[in-house]
Amino acid sequence: MTFGHGAHEICSFPPSGRNRSAVQDMSASDVDTEIGQVGARDLLARLRCPECGGRVVPAAGEALECEGCGRAYPRVRGVPCLLPESMLRVDPERGEVEAPEDITEHATGGEYHWNAYGIESLLPTSGADREVLLVGCGDAGERARLRGMGFRVEGFDIHWSPGTDFLGDAHRIPVADESYDIAISMQVLEHLHSPWIAVGEMARVLRPGGWLIGSVAFLKPYHGSYFHITHEGVTHLLEEAGLEVDVLRGAQSLTYSLYGGLLPLGKAEWRRKAGAAIDRLLAWLRTRYWETTRHLDADEPGDRFGATIPLSFRTFDKLRFAPAVVFRARKPLRPA
Ligand SMILES: [Zn+2]
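An account of the accompanying structure is given in this report. Along every chain, residues carry numbers that run from 1 in the direction the sequence is written. Thresholds applied to this predicted model are a pLDDT of at least 70 for local features of residues and 80 or more for the giving and counting of side-chain atom pairs; totals over whole chains, interfaces and linings are not thresholded and use all residues.

Further remarks concern the overall build of the protein chain. Secondary structure elements are taken from DSSP: a helix is a run of H or I of four residues or more, a strand is a run of E of two residues or more, and numbering for both begins at the N terminus. Helix and strand content of the protein chain: 9 helices and 12 strands. Working definition of burial: number of other C-beta atoms within 10 Å of the residue's own, with buried at 20 or more, exposed at 12 or fewer, and partly exposed in between, all C-beta atoms being placed from the backbone. The buried share of the protein chain, reckoned over its 336 residues, is 39%. Pairs at least 24 apart in sequence give 66% of the contacts found in the protein chain among residues at least 6 apart. A pair of residues counts as a contact when their C-beta atoms, built from backbone coordinates, are separated by no more than 7 Å.

Okay, here's the thing in structure tokens:
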């Protein structure tokens with residue numbers, strides 16, 4: 001597999017040696033580790049060199065070093081910085097890696113994602129010590145909620161915030177294969193130069209039976225983004241990565257997304273509600289028209305809408321006019 005930009009070979013990471021049972025096979029009796037923050041040693045054990053896939057070990061001072069190719073990786077603001085060489089900014093005067101931007105002030109909050117995309121409804125009801133990777137974690141504001149449910153959480157991004165456990169690029173996630181039970185990627189794919197590579201990476205770091213849960217911009221206005229993706233595009237990306245799609249849904253109000261942000265009225269709740277009401281009216285008209293002309297039930301799921309899971313007209317219509325597409329897909333268990 002090659003990168004869309006240039007002809008780098010994607011890193012092939014060695015298996016981690018950690019053999020956790022698949023999510024669905026984990027019962028309460030398997031859980032013997034204390035629930036809480038994943039320890040720094042656990043994290044170091046699964047970190048891998050983004051250039052060659054080698055293990056990363058402590059070196060002089062706070063620095064880290066790749067056992068494979070010998071590249072040195074600094075800690076920046078206290079966290080391992082495993083950005084690929086092409087993304088490291090080095091201070092020409094001092095020869096040191098510059099600290100990535102602190103995005104705490106303007107990071108989109110994890111709390112916002114939690115609510116806007118209904119993350120909780122996509123998760124197993126209990127964390128049961130399952131390990132979660134937040135891909136492009138921003139301020140990782142959803143961490144507290146996930147921990148409260150019993151998940152162990154690690155997050156990475158290309159920028160630093162107090163919620164960052166390590167710095168890395170989603171196109172070359174610097175962790176070993178099969179390291180996590182769940183990967184969460186909220187509103188990240190549209191900002192990536194090659195989302196198909198990143199989805200492959202997310203699939204790689206999942207254990208068999210693990211879940212990729214996420215959302216991506218579709219009809220949102222441009223916001224520093226490259227690729228906004230339809231539900232068919234999302235389905236293709238996930239399936240190409242060997243994942244099985246089981247949830248596709250449209251999220252948020254189109255009217256509010258398109259016009260709400262343009263009016264200098266702040267984020268008033270009544271505007272969200274007004275936007276949602278206009279959306280509902282238009283959706284009702286489309287549904288009536290569809291039912292009348294097709295003589296089909298709008299709530300009957302079928303396989304006619306370009307997704308591999310059956311969608312009803314109502315679900316499809318929501319996806320057609322969705323500011324964001326929410327998805328969940330599973331990495332298959334290994335054949336017995
Ligand atoms: Zn290396």
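The discussion continues.
Another point: the packing of helix 5 (residues 195-205) against helix 6 (residues 231-240). Axis lines are fitted through C-alpha atoms, for helices just across the contact stretch, and the angle between N-to-C directions can take any value from 0 to 180 degrees. Look at helix 5 against helix 6: their axes get within 8 Å of each other, and the N-to-C directions meet at 50°. Relative to helix 6, the element helix 5 lies oblique. Helix-helix and strand crossings are classified by hand; for helix 5 and helix 6 the assignment is right-handed. Here P195, W196 and V199 of helix 5 lie close against helix 6, whose contacting residues are L237, L238 and E240. Each residue belonging to the contact of helix 5 with helix 6 can be placed in one class, and the counts come to 5 nonpolar, no polar and 1 charged. When an angle is under 35 degrees it counts as roughly parallel; over 145 it counts as roughly antiparallel; between 65 and 115 it counts as roughly perpendicular; any other value is oblique. Handedness of a crossing is defined here by the sense of rotation of the near helix relative to the far one, left-handed for an anticlockwise turn of less than a right angle and right-handed for a clockwise turn. Residues are grouped as follows: Ala, Val, Leu, Ile, Met, Phe, Trp, Tyr, Cys and Pro are nonpolar; Asp, Glu, Lys and Arg are charged; all remaining types, including Gly, are polar.

Across the sheet, 7 strands lie side by side as 8-7-6-9-10-12-11; this open sheet has mixed pairing. Pairing within the sheet leaves two strands with one partner each, and these edge strands are strand 8 (166-167) and strand 11 (244-251). Relative to the sheet, helix 5 contacts strand 6 (131-135), strand 9 (180-186) and strand 10 (206-217), its axis offset from that of strand 10 by approximately 150°. Against the sheet, helix 6 makes contact with strand 10, strand 11 and strand 12 (324-330), and its axis sits at roughly 155° relative to strand 11, the strand it touches most. Paired strands, in this sense, are two strands between which DSSP finds at least two bridges.

The next thing to look at is unusual backbone geometry. At E178, a position not held by glycine, the phi torsion is positive, near 55°. Of note, E178 is situated in the loop between strand 8 and strand 9. Phi at H295 is positive, roughly 55°, even though this residue is not glycine. Here H295 falls in the exposed class, since 7 other C-beta atoms lie within 10 Å of it.

With that settled, the discussion passes to the sheet that holds strand 1 (residues 56-58). Backbone-to-backbone hydrogen bonds join strands into a sheet, with any given pair of strands oriented parallel or antiparallel. Pairing within the open sheet is antiparallel, and its 3 strands lie in the order 1-2-3. Edge positions in the sheet fall to strand 1 and strand 3 (72-73), since each of these pairs with one other strand and no more. The pairing of strand 1 with strand 2 (residues 64-66) spans 3 bridges and is classified as antiparallel. Within strand 2, the residue paired with V57 across the bridge is E65.

For helix 6, the complete set of buried residues consists of H231, V234, T235, L237 and L238. Down the axis, helix 6 shows its buried residues gathered within 165° of arc, on one side only. On its buried face, helix 6 is in contact with helix 5, strand 10, strand 11, helix 9 (313-320) and strand 12. Phi for G242, located one or two positions after helix 6, is positive at around 85°. To obtain the arc, one takes the directions from the helix axis to the C-beta atoms.

With respect to the element layout, L47 can be found in the loop between helix 1 (40-46) and strand 1. Distance from L47 to D177, taken between C-alpha atoms, is 10.0 Å for residues 130 residues apart in sequence. With residues near it in sequence (within four places) discarded, L47 still touches V56, P80, L82, F166, P174 and V175.

Turning our eyes to something else, we now look at the packing of helix 8 (residues 269-294) against helix 9. Where helix 8 meets helix 9, the closest approach of the two axes is 11 Å, and the angle between their N-to-C directions is 135°. On the basis of the axis angle, helix 8 is oblique to helix 9. In the packing of helix 8 onto helix 9, the handedness of the crossing is right-handed. Seen from helix 8, the contacting residues are A283, R286, T287 and W290; seen from helix 9, they are F313, R314 and D317. Each residue belonging to the contact of helix 8 with helix 9 can be placed in one class, and the counts come to 3 nonpolar, 1 polar and 3 charged.

Looking now at the environment of R334. Mapping R334 onto the fold places it in the segment after strand 12. As a C-alpha pair, R334 and P208 span 126 residues in sequence and 6.4 Å in three-dimensional space.

Shape is all these values report; function is a separate question.
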